[in-house]
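Residues per chain are reported as follows:
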Amino acid sequence: MSISLSSLILLPIWINMAQIQQGGPDEKEKTTALKDLLSRIDLDELMKKDEPPLDFPDTLEGFEYAFNEKGQLRHIKTGEPFVFNYREDLHRWNQKRYEALGEIITKYVYELLEKDCNLKKISIPVDATESEPKSFIYMSEDALTNPQKLMVLIHGSGVVRAGQWARRLIINEDLDSGTQIPFIKRAVDEGYGVIVLNPNENYIEVEKPKIHVQSSSDSSDEPAEKRERKDKVSKETKKRRDFYEKYRNPQREKEMMQLYIRENGSPEEHAIYVWDHFIAKSAAENVFFVAHSYGGLAFVELMIQREADVKNKVTAVALTDSVHNVWHQEAGKTIREWMRENCCNWVSSSEPLDTSVESMLPDCPRVSAACSL
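Residues numbered from 1 in each chain as written. Predicted model: local features only at pLDDT ≥ 70, side-chain atom pairs only at ≥ 80, totals over all residues. Heavy atoms only, no water.

Draft legend 1. Geometry of the confidence of the model for the protein. The pLDDT averaged across the protein works out to 85; a share of 75% of its residues lies at or above 70. The low-confidence segment residues 1-15, where pLDDT is below 50, has 21 contacts with residues more than four positions distant or belonging to other chains. (pLDDT = per-residue confidence, 0-100. Contact = heavy atoms within 4.5 Å.)

Set out below in structure tokens:
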């Protein structure tokens, strides 16, 4: 008789259930708990083959991809677009590969901001010490000195960073669709200073320090024989847990902790910080914002916190699929009135461009972007 590996893995649980069921009524709760555990075990996940190493290239060339003259990501040898399902039935591995490629693309876009758009990388907080976590923004040479006009760009939430609108579009469409570069180049050509915010860069990740847990036997007054039995049970429990973990998560990843960046721990904090230390000090008579998705919410929060200053300096705001909500954010009547006059929200719609779209919120006009943003 052949015994499957899944049976061997689950055998201790089945034996335990059988023993419990032979007991009295008091054991029914334990039986129910074990049955619930069994029902939640994903055998397909448990029994999948060990993943290949989560060790990916750190360059586009290593991935055998490059951006062509149209800004499209293509395979160097086949000329084909990026393929997510590189390995069948290994969704987690494919996702990790996609994320690794995304990190490379983020650095690639940073390079384009500096080389193609001539923007400068500015570290924040401006008074950061050597050892504390830092973030950064990008600015044109004349961002603070241009006397006429300044363009400020804020992207949405998620994995995107400075200079990006949508990673998915960069990978699956092209650089013009997924990055802020066309906006930046046009703004510069038309005489604007430019500041590019980086609202999702809120913390750095470092590996958690390993904490040594002192064994209970070190400080216990229990008899030696009892301590030895407890230590044996503890070691067996850990051995079983590690065995199951091997199948649930074949490659244990390092445990990380987040160290937040001072005064930039959220997109809202970041927008206010950049306003106070850069935008408010700029010479521009007219400041214009372009804010996508959560960037719109961050702008409304900025208005709530710096209403008079924003009204005095900002001329117009272009929102794209903004997720702001003047009720939830408790924006006052004067802010809502100002938004009606100075803001416009282009939203996903199949209607012709600039067609009015109905809104339940009493703030800025909503019009069709004539596409899915």
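Draft legend 2. Local environment of the side chain of N200. Mapped onto the elements of the fold, N200 is located in the loop between β6 (193-196) and β7 (203-207). Residues contacting N200, with those up to four places away along its chain left out, are H155, G156, S157, G158, V160, R161 and P267. (Helix = DSSP H or I, 4+ residues; strand = E, 2+ residues; numbered from the N terminus.)

Draft legend 3. Structural context of the packing of helix α11 (residues 267-277) against helix α12 (residues 294-305). One can describe the packing of α11 onto α12 by two numbers: an axis separation of 9 Å at closest approach and a directional angle of 55°. Taken together, the axes of α11 and α12 are oblique relative to one another. α12 is crossed by α11, and the crossing has right-handed handedness. Between α11 and α12, the residues in contact are P267, E268, A271, I272 and W275 and Y294, L297, A298, E301, L302 and Q305, respectively. For the contact of α11 with α12, the class distribution of residues is 8 nonpolar, 1 polar and 2 charged. (Axes fitted to C-alpha atoms, helices over the stretch in contact; angles between N-to-C directions. Parallel < 35°, antiparallel > 145°, perpendicular 65-115°, else oblique. Left-handed = near helix turned anticlockwise from the far one by under 90°. Nonpolar A, V, L, I, M, F, W, Y, C, P; charged D, E, K, R; others polar.)

Draft legend 4. Looking closely at the packing of aromatic side chains. Enumeration according to the criterion identifies 15 aromatic pairs in this entry. Seen in terms of ring centroids, Y86 and W93 are 6.2 Å apart; in terms of plane orientation they differ by 25°. Their pairing is stacked. The exposure class assigned to Y86 is exposed, which follows from its relative accessible area of 53%. Of the residues examined, W93 reaches a relative accessible area of 6% and is grouped as buried. With 5.8 Å between their ring centres and 35° between their planes, Y110 and Y138 make a pair best called tilted. Of this pair, Y110 sits in helix α5 (residues 91-115) while Y138 sits in strand β4 (residues 135-139), and the two are 28 residues apart along the sequence. In terms of burial, Y110 and Y138 fall into one category: buried. Of the aromatic side chains, those joined through ring pairs into one cluster are Y65, F82, F84 and Y98. Above the ring of W93, the side-chain terminus of R87 is found at 4.8 Å from the ring centroid. Over the face of the ring belonging to Y192 we find K149, whose NZ or CZ atom lies 4.4 Å from the ring centre. (Phe/Tyr/Trp six-rings, centres within 6.5 Å; stacked < 30°, edge-to-face > 60°. Buried < 20%, exposed > 50% of the residue type's maximum accessible area, 1.4 Å probe, protein only. Lys NZ or Arg CZ within 6 Å of the ring centre and 35° of its normal.)

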